[in-house]
Each structure stands twice: as structure tokens, then as C-alpha cells.
Amino acid sequence: MPLNIDKGLAGTVAADTALSFIDGAKGVLEYAGYDIDSLARNSTFEESTWLLWNGRLPTAAELTAFTASLQACSDLDPRLIELIRGIPKTTAPMDALRTSVSALGHFDPEADDNSPEANRRKALRLVARTPALIAVFDRLRKGKPLVAPDRSLSVAGNFLWMLTGARPTAAMEKALDVCLVLHADHGLNASTFAARVTIATQSDLYSAATTAVGTLKGPLHGGANQEVMEMLLEIGDLSKVDGYIKEKLARKERIMGFGHRVYKAYDPRATYLKTFAKQVASDTGNLALYEMSRRIEEIVLAQPNLIEKGIFPNVDFYSATTYYSLGLDLDLFTCVFAASRMSGWAGHCIEQLAANKLIRPHADYTGPHGLRYAPIGERAVSATSSTIPSARQAMSVAAGSNASSM
Ligand code: CMC
């Protein structure tokens, strides 16, 4: 079989999906055929999740039943709370979430049942419980009493309630709900791919979700929203934006919240969030941060070399100011992304198992061949054998290489 090398898999189709569609050149995102803009304006996180899992919009009765099922399973097992209590308070919330999502599986008797019915029930539990896991760790690390879930609230409302212990206003609940809708699914992004790789081995949904959380954490993926906010706070004032960004660009550094592997046009999630973030920032006295973001965007979009490369704001750019305006700590931003994307991860895993094939690409072997095995007493350390990168560099000049397979 001829092998193509495609580092980063940018030109590789590795799965079929009916969950979401992206046209990166035109800046289009649809969930099961519905444009993201109309979903952000009209739908809710519960309804969008139902849409992703069922391929059509629910009836009123279906949505009511689904919402009630989510509300009914938002409680955490007390033994799991004890386990979270044991996580050092200094742990980053995304790391704590990775551990606690994994631990959810220990308290689910269906954890290893990969039937579609059991996986749908587990998907529901994962989506309902992820906000609770985040809120429990956050309150424990701050030494605050835990807040029991309120089953009368939406996922977004209950999330804010469990985090803050205060009733969210309708505007705050709506703001978080919009962010949850916008982040719920996004084709074969890195964390979704990682989840599909894990479930494709016929592992289990909790293992796949754990893989996905660990993958989302990176600053090139979900971790960018926190870095955007850190940048805004570091700049501190609108008058300092020009100097800061221009110097960063001169040093050829990346501006976080810009650029995307698939979108070479404006990220359609950012289009809606931009307007929305302005309103939320204005309502909460954070308009200055929004104005700084707008100025950063103007500067970046005025760089011909970046426009040529298709560098536009992505979803993380304006979600950062929205989360900040909601009073969320910076290190919780990526956790909110995870709470939303759990819906897409679970949907993709169920879809993967319905027509499963082990995902196992090749690697291009760049090391030596045919070496003689020397007894340990005869070995001398050579300059090229100490580290993997130096071995790779040494072999980049070696004649011939082939793809390894197991
Ligand atoms: N600022 C300045 N230049 C950039 C940026 C940026 N944010 N992003 C990419 N470039 C340049 C990059 O330097 C490279 O230039 P050259 O060809 O001269 O070396 C070119 O654009 C292509 O970059 P790449 O890294 O090869 O492209 P990619 O498709 O692998 O990267 C990306 C996509 C998202 C990792 C990248 O755009 C990036 O690092 N952005 C900043 C981090 C960020 O905001 N991530 C969130 C992504 S959206 C949410 C999500 O899906 O997780």
C-alpha cells in the first residue's frame, strides 16, 4: 500500500461524521445541517446536544424529557467528591478535570458496557456531571462549602450556581449558554480525534473523555482562551495595545486567539461572539477589555502577511472576555470549553463505535537499521545516541527510510 506522509494530518480524512460540518474557506459551521449562527441565536446547549446526538431538532416533549434526564443525573457520588478533595489545591483545574472525568468511570457500573444504549446513558451522565466536577474542585481549592446542584436550572445556570453559590441573572445564564452552544462540536478537532482514537480500540467512554480533556488542555487547542485573557491583562490598557502587538509580531510570536487549522476565513463562532461579547462586557463594566480586543483584531487584520496566511480571530478570542465578564477565573476558561465539548466528544465516540475501525496510522522511521547488539560491557556512548531528537537529526542524512508498522 503506498504511504503518504501528512504531518499534522491536515489533508487526511480519518472519519465520517454526521455531527458537524465545516467549510474553512467560507467560514461555515453547521451542527447536523443547522448554521451555528442560528443555533447561537435561537437554541440552547441542551437542544444543541440533542441535535448533535440525534441528527434532528427535538420536539418540545423530547427536549423536556432530555433536559429532565440531564438535570436528574447532575449529582456526584460522595466517594468521588472525597477523591476530588484529595487532589492538591494547587493543581490546575484542567488537570483536576482530567483526573475526575476518569474517576467518574469508577462509580458507573456501566463503564465498560459499549452497547449504544449504555453509551447514550453514559454520554448524558458525562455532560450533566462535567460542570459539577469543575465546580466542586474550584470550590474545594478555594476552601468554600460545596453547592448542591439545582435541578430546576439549565446546564449553564446550574454550572454558574454550583461555581458561585449565587443565582445567575438571566443575562449571565444566557451568556454562558451561548458559549456552550458555540463550543459543543467542531469536526475532527484534536481532542475529538483523540477521543475517537481511544474509543476505536473498544476501550470505554470514560477513557475516551479523559483522553480528550488532556488533549484540549494544550494552548494550541482549548488552552488558548486563557492565554488570550492573560495577554489582555498583561497589556492592561487600550493605549498600550499597538506597541505590545506590533512588538510581538516583530518577534514573529503568535497572537493567541488567532489562526485556525481549518478556517482560513473569519471563524463563524467568533463572528457571533464578537457582537455578543461586547454586550456582555458592557453589561458587566468590562467594555475596556472588549475595546482592547477590537484593537488587537484591527492590528492583526491589517498585516498583509497574516491575511495571506488566513489568520483571523478564532472562537477563543472573544470567548475569553465573555468568560472574564462572567467573573470566571482564568484557569477555568478551558474547563468551560471542556464542559461544552463533552457533548461533541460523546457523540463522536458513539458514532465511531457504530462503524468502528481501529485508527492506526504509520510513522516514518528515521532511525538506523541493522546495528549489531553489543554486550553492555563493550558499549561506548556516541554523540548521536543520547537523545531521540539528536538520533533523528543524525538519521535525517541516512540513506533510505521506511514507515514502521506494528
Ligand atoms: N499569530 C501569528 N501567526 C500565526 C498564528 C497566530 N496566532 N497562527 C498561525 N500563524 C502563522 C504561523 O506562524 C505560520 O507561519 P509560517 O508559515 O510563516 O511559519 C502559519 O501561520 C501557519 O501556522 P501553522 O502553525 O503551521 O498552522 P496550523 O494550522 O498548524 O495552526 C493553530 C493552527 C491554531 C495551531 C495556530 O493558528 C495557532 O497557534 N494559533 C494560536 C493558538 C490558538 O488561538 N489556538 C486556538 C485554536 S481555535 C480553538 C480550538 O479549536 O481549539
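Predicted model only: the values in this text are computed from it and were never measured.

A. Representation of the overall build of the protein in the model. A count of helices and strands for the protein gives 18 helices and 5 strands. The C-alpha radius of gyration of the protein comes to 23 Å, within 12% of the 22 Å expected for a compact globule of 406 residues. Taking the principal axes of the C-alpha coordinates as reference, the protein spans close to 70 × 55 × 45 Å. In the protein, buried positions account for 50% of the 406 residues. Sequence separation of 24 or more characterises 74% of the internal contacts of the protein that already satisfy a separation of 6 or more. Here the protein has roughly 19400 Å² of accessible surface; of this, 56% comes from carbon and sulfur atoms. If the 42 positive side-chain charges of the protein are averaged to one point and the 43 negative ones to another, these points end up 4 Å apart.

B. Local environment of the pairing of strand 1 (residues 20–23). Pairing geometry for strand 1 and strand 2 (residues 28–31), over 4 bridges, is antiparallel. Among the inter-strand pairings, aspartate 23 is bridged to a residue of strand 2, identified as valine 28. Here strand 1 folds back onto strand 2, and the loop between the two strands holds 4 residues, one of which, glycine 27, carries a positive phi near 70°.

C. How the structure looks around the nonpolar core. Among the nonpolar cores identified, the biggest contains 115 residues, and Leu176, Ile245 and Ile296 are the most heavily contacted of them. In terms of residue count, the dominant contributor to this core is helix 6 (residues 116–141) (12 residues). When residues are assigned to domains, this core turns out to be shared by domain 1 (20–222 + 329–354) and domain 2 (232–267 + 287–325), each giving three or more. Every residue in contact with isoleucine 245, bar those within four places of it in the chain, is listed here: Met231, Ile235, Ile255, Ile296, Ile299 and Val300.

D. Seen up close, the confidence of the model for the protein. On average, the protein scores 92 in pLDDT, and the residues at 70 or more come to 94%. Note on residues 390–406: pLDDT is under 50 here. Beyond four places in sequence and across chains, it has 26 contacts.

E. Region of interest: the site of the ligand. Close contacts around the ligand come from 18 residues, with His221, Arg254, Ile255, Phe258 and Arg261 the closest. Within the side chain of lysine 309, an N or O atom sits 2.9 Å from an oxygen atom of the ligand. In this structure, asparagine 314 approaches the ligand through a side-chain N or O atom, which is 2.9 Å from an oxygen atom. In isolation the ligand offers 930 Å² of accessible surface; the protein chains occlude 72% of this area. In the shell around the ligand, the residues fall into 8 nonpolar, 6 polar and 4 charged. Taken domain by domain, the makeup of the shell around the ligand includes at least three residues from each of domain 1 (20–222 + 329–354) and domain 2 (232–267 + 287–325).

F. Inspection of the packing of aromatic side chains at higher detail. Applying the stated criterion across every chain, the model contains 7 aromatic pairs. Taking 4.6 Å as the distance between ring centres and 55° as the angle between the ring planes, the aromatic pair formed by phenylalanine 258 and phenylalanine 317 counts as tilted. Of this pair, phenylalanine 258 sits in the loop between helix 12 (241–250) and helix 13 (268–283) while phenylalanine 317 sits in helix 16 (residues 315–325); the two residues are 59 residues apart in sequence, bridging distant segments of the chain. Just as phenylalanine 258 is buried, phenylalanine 317 falls in that class too. Between the aromatic rings of phenylalanine 317 and tyrosine 318, the centroid separation amounts to 4.9 Å while the plane-to-plane angle is 80°, which identifies the pairing as edge-to-face. Accessibility assignment for this pair places phenylalanine 317 and tyrosine 318 in one class, buried. Three or more aromatic residues joined by ring pairs form one cluster here, namely Phe258, Tyr290, Phe317 and Tyr318.

G. Looking closely at the domain arrangement of the protein. Considered domain by domain, the protein is made up of domain 1 (20–222 + 329–354) and domain 2 (232–267 + 287–325). Using C-alpha coordinates to define each centre, domain 1 is positioned 27 Å away from domain 2. Facing the 19 residues of domain 1 at the interface are 15 residues of domain 2. Among the residues domain 1 hides against domain 2, the three largest losses belong to Gly24, His183 and Phe333. Together they make up 34% of the total. On the surface where domain 1 and domain 2 come into contact, there are 0 salt bridges. The tally of links from domain 1 across to domain 2 stands at 2 residue pairs in polar contact (both at pLDDT 80 or more). Among the elements of the structure, strand 1, strand 2, helix 8 (170–183) and helix 17 (333–354) are those that each provide at least two residues to the side of domain 1 that touches domain 2.

H. Here's a closer look at the environment of proline 219. By secondary structure assignment, the location of proline 219 is in the loop between helix 10 (205–216) and helix 11 (224–235). What makes proline 219 partly exposed here is its relative accessible area of 40%. Separated by 156 residues in sequence, proline 219 and proline 375 have C-alpha atoms that sit 44 Å apart.

I. Layout of unusual backbone geometry. The backbone phi angle of alanine 32 is positive, close to 45°, even though this residue is not glycine. Positive phi outside glycine occurs at glutamine 202, with the angle close to 65°. Along the chain, glutamine 202 turns up in the loop between helix 9 (190–200) and helix 10. With a relative accessible area of 60%, glutamine 202 lands in the exposed category.

Cut-offs used in this document
- Residues numbered from 1 in each chain as written.
- Predicted model: local features only at pLDDT ≥ 70, side-chain atom pairs only at ≥ 80, totals over all residues.
- Heavy atoms only, no water.
- Helix = DSSP H or I, 4+ residues; strand = E, 2+ residues; numbered from the N terminus.
- Rg over C-alpha atoms; globule rule 2.2 N^0.38 Å.
- Buried < 20%, exposed > 50% of the residue type's maximum accessible area, 1.4 Å probe, protein only.
- Contact = heavy atoms within 4.5 Å.
- Areas by Shrake-Rupley, 256 points an atom, 1.4 Å probe, with all protein chains shown as cover.
- Lys, Arg positive; Asp, Glu negative; His and termini not counted.
- Charge placed at Lys NZ, Arg CZ, Asp CG, Glu CD.
- Pairing = 2+ DSSP bridges.
- Core = buried A, V, L, I, M, F, W, Y, C linked by side-chain atoms within 4.5 Å.
- Domains from an automatic or database assignment.
- pLDDT = per-residue confidence, 0-100.
- Near = heavy atom within 4 Å.
- Polar contact = N/O pair within 3.5 Å; in protein donor to acceptor, adjacent residues only side chain to side chain.
- Nonpolar A, V, L, I, M, F, W, Y, C, P; charged D, E, K, R; others polar.
- Phe/Tyr/Trp six-rings, centres within 6.5 Å; stacked < 30°, edge-to-face > 60°.
- Buried area = accessible area lost by both parts, 1.4 Å probe.
- Salt bridge = Lys/Arg side-chain N within 4 Å of Asp/Glu carboxyl O.

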